[in-house]
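# Coordinates in review
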Amino acid sequence: MISLTPTPSLVLHTNSTVFFVFPIRTRKTPPSPSSPSRIRCSSGSGVQEVRKSSEERELSSELYASVPFPAVKAAKRVVLVRHGQSTWNEEGRIQGSSNFSVLTKKGEAQAETSRLMLVDDSFEVCFTSPLTRSKRTAEIIWGTRKEEMIMDSDLREIDLYAFQGLLKHEGKAKFGAAFHQWQVDAANFNIDGHYPVRELWARARSCWTRILLHESRSVLVVAHNAVNQALVATAIGLGTEYFRTLVQSNCGVSVLDFIPRAEGGSPYICLNRLNQTPSSPVAAGSSGGRKASNRIILVCHGSTQSNAETGFPWAGDQPMDMLGIIKSQKTAELLLDLKVSSIVSSPKKACVETATVISKVQEAADCLGVDCVPRYVETKQMENLDVEDILQQSSEGKKEIPPLRPGWLNEFEDKSTGAVWEQSEKAWQSLLNEVADEAKSEKVVVAVGHPALHIALMGHCLNLTKEWLGSFHLDAGSITVIDFPDGPNGRGVIRCINYTAHLGRWSIPITRSTLDDEEFSM
C-alpha cells in the first residue's frame, strides 16, 4: 500500500470508479483492489452496479474496440512517456508495482532529454503514476509549469505479486513453468490467483475515461512500460494478446490523438507516434525484452515537388524537392548504425531517390579507411509497394481530404482502402520473404514507400483488418521499425512508429498546438 501526501501542486486522484464494463477473466478468489468482482458502470439513466460471471468475461479482443470512449468536445492530444532508467532496470530486477527503485543518473538524463523534446508544448495537465521513478520523471519533464499534476494510482506499473523484487534468473529458478508462461504467454499468465495483464488492461481502460473527461486538450501522462503499452493498446482497440508488441523504451514518447466526431459519441482515435526514444531507435538492443536479429525498417520518402504545389501527398509521380532530399540524407545517416541487407522501394521517383541515397551511404559506410572495399547492398523496386495511383484516383474532386493529418485515411471510400489493403498484403508477404533469407543469420530490410502503404503494412504485422487504417499516422521522412525477436517466421514487434528525431531541425514536432481546431479536423 502506497501512502501519498498531496501538496498544493500535486493532487491525488482517488476516484477509482470504472465507467464502462471491461472484461477480466479471474479465478474464484477473494476480490482485490485491482481485480474487483463488482464494477460500477454508467447507463443512460444513471449509475448502476453490474456483476459479471467468469463466462461473460471470456471475451475476445474485438470487444475491446466496441466499448465506447467518452465523447470529446474538441481535439485532444495525449502524450505518454515511460519513466527513465531506474536502479532496478539497471539490475535486471522485476519491478512490477513495487516502489523501491529510483532513477539512475542515466534515467535522470533521459528524463531531461524528454523535457527538451516537449519544452515548447503547452500541456494543460499532467497525469502521473505515484511510484517514485515515474513521479520523478514527471517532475523533471514538467519543469516550471504551474498547471495541475494529478497522481492516479491506476497508472502504477503492472502488479506482478510474488515476482516483484526478483532478478530474472531467480524468477525462472523459483517459479519455473509460471515464469515461462509470463515470458511466452503473458495474456494468460496467472500468479497468486491473479491474471496481471488482464488486470492491467482493465486499469488502463478506466484511466482513459478519467483522462478524456478532464477539461483539457493537451495532456501529459508519465507512467511505466507495461501500463503505457496497455494505454496505447486499449485506446486503439487491441486486446491483451498484444502485450509486448508495442515497445516502450525508457523515456520513450508516444502520442495519441482523440478527434471528435461530427455526430458525437466515441471519438476517432489515432496513434500518431510510438516510442520516440532519447536514443537511436535502430541501435542495438531488445524488443519486448528479447533480442532481435531480423528487422524491417519502413522509410517514408520526403516531400515531393507536387506536395508544395498541391498540398496532396499522392499527386502523381514526382521527384523529391530539396527538403525531401535533405530528409533522405538524414535517414541514410541514421541507418549507418546498421548493416542493411537489402533495400526495396516503390517504383515512384521519390521512393527510388530515397532508396538510392540510403544504398550509397550504406555502401560507403565500411570504406572510411585506405584499404577498405565498398560493400554492395542489393537495391530493387517492388510494384506492390506502389499505392499512390489508388489514392490519387480516390482523391479526385475531394479537396476536403486533409493530407497526412491524423486519421486522414478514414476519409477514403471503402473501395479505395480495400484496394490499398489488398495491395499491401502482397507487399507484406514479399517483405517477409526478404527478411527470411536463410543465407544470412541477421537480415535488415529497408522498404521505402508511401505513408499509406506503410500504415497498412503495420496493420498486417499486427494481424489487423483494413478498418484499423485510420488508427495510425506517419509523416514524410519518418521511419518505423519492426523487429522479429522470434525469427522471421515469428510475430513482429513494433519498436517505433513515425520516428522523426533524426531529421534534426526539419523533424516533425512530437506535439503540435491544439489551439487551432483545423489542426485535427476530419
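Residues numbered from 1 in each chain as written. Predicted model: local features only at pLDDT ≥ 70, side-chain atom pairs only at ≥ 80, totals over all residues. Heavy atoms only, no water.

Another aspect to go through is the UniProt feature "binding site: substrate" (unreviewed entry) in the chain. The sites that carry the UniProt feature "binding site: substrate" (unreviewed entry) are, in the present numbering, Arg82, His83, Gly84, Gln85, Ser86, Thr87, Trp88, Asn89, Arg133 and Lys168. If you trace the backbone, Trp88 turns up in helix H2 (residues 87-91). When near neighbours in sequence (up to four residues on either side) are disregarded, Trp88 contacts Arg93, Ile94, Gln95, Ser98, Phe100, Ser101 and Gly165. Relative to the helices and strands, Asn89 resides in helix H2. Overall, Asn89 belongs to the partly exposed group, its relative accessible area being 24%. If we skip the residues at most four places from it in the chain, Asn89 touches Arg82, His83, Gly84, Gln95 and Asn250. (UniProt positions renumbered as here; feature names shortened; annotations may be inferred. Helix = DSSP H or I, 4+ residues; strand = E, 2+ residues; numbered from the N terminus. Contact = heavy atoms within 4.5 Å. Buried < 20%, exposed > 50% of the residue type's maximum accessible area, 1.4 Å probe, protein only.)

Before going further, it helps to examine the side chain of His301. The topology assignment puts His301 in the loop between strand S12 (294-300) and helix H9 (305-310). The exposure class assigned to His301 is buried, which follows from its relative accessible area of 9%.

As a further point, take the pattern of salt bridges. Side chains carrying opposite charge are able to pair once their charged atoms draw close together. As enumerated under the stated definition, the model contains 19 salt bridges in all. Where Arg156 meets Asp159, a salt bridge forms, and the shortest distance between an N and an O atom there is 2.9 Å. Among the residues examined, Asp159 registers a relative accessible area of 7% and is labelled buried. Between Arg495 and Asp483 there is a salt bridge; the shortest N-O distance is 3.7 Å. Of the two residues, Arg495 is situated in strand S17 (residues 493-499) and Asp483 in strand S16 (residues 479-483); the sequence distance between them amounts to 12 residues. Across this residue pair, the class does not change: Arg495 and Asp483 are buried. (Salt bridge = Lys/Arg side-chain N within 4 Å of Asp/Glu carboxyl O.)

So, on to the UniProt feature "active site" (unreviewed entry) in the chain. Taken from the UniProt record, the annotation "active site" (unreviewed entry) applies to His83 and Glu157. These annotated residues cover 75 residues of sequence, and their C-alpha atoms all fall within 10.6 Å of one another, placing them together at a single site. With respect to the secondary-structure elements, His83 resides in the loop between strand S4 (76-82) and H2. On the accessibility criterion, His83 (2% relative accessible area) is buried. Apart from the residues lying within four places of it in its own chain, the contact partners of His83 are Asn89, Gln95, Leu103, Arg133, Ser134, Thr137, Ala223, His224, Asn250 and Cys251. Polar side-chain contacts of His83 include one of 3.4 Å to the side chain of Arg133. (Polar contact = N/O pair within 3.5 Å; in protein donor to acceptor, adjacent residues only side chain to side chain.)

Moving on, we get to the packing of helix H7 (residues 196-213) against helix H8 (residues 225-236). For the pair H7 and H8, the least separation of the axes is 8 Å and the interaxial angle reads 65 degrees. As for the relative orientation of H7 and H8, their crossing is right-handed in sense. Contacts from Leu200, Trp201, Arg203, Ala204, Arg205, Cys207 and Trp208 of H7 reach H8 at Ala226, Val227, Ala230, Leu231, Ala233, Thr234 and Ala235. Its residues assigned to classes, the contact of H7 with H8 shows 11 nonpolar, 1 polar and 2 charged. (Axes fitted to C-alpha atoms, helices over the stretch in contact; angles between N-to-C directions. Left-handed = near helix turned anticlockwise from the far one by under 90°. Nonpolar A, V, L, I, M, F, W, Y, C, P; charged D, E, K, R; others polar.)

A few words now on the packing of aromatic side chains. Counting across every chain of the model gives 11 aromatic pairs. Consider the rings of Phe69 and Phe258, whose centres lie 6.5 Å apart with planes at 50 degrees: the pair is tilted. Of this pair, Phe69 sits in the loop between helix H1 (62-66) and S4 while Phe258 is found in strand S8 (residues 253-259), placing the two residues 189 residues apart along the sequence. Owing to a relative accessible area of 6%, Phe69 belongs among the buried residues under this scheme. Centroid distance Trp182 to Phe189: 5.2 Å. Interplanar angle 45 degrees. Geometry classified as tilted. Pair check on accessibility: Trp182 and Phe189 agree, each one buried. One aromatic cluster in this structure is built from Phe163, Phe175, Phe179, Trp182, Phe189, Trp201 and Phe243. One residue, Arg205, lies across the ring of Phe69, its end atom 3.9 Å from the ring centre. Between Arg261 and the ring centre of Tyr268, over which it is positioned, the NZ or CZ distance is 4.1 Å. (Phe/Tyr/Trp six-rings, centres within 6.5 Å; stacked < 30°, edge-to-face > 60°. Lys NZ or Arg CZ within 6 Å of the ring centre and 35° of its normal.)

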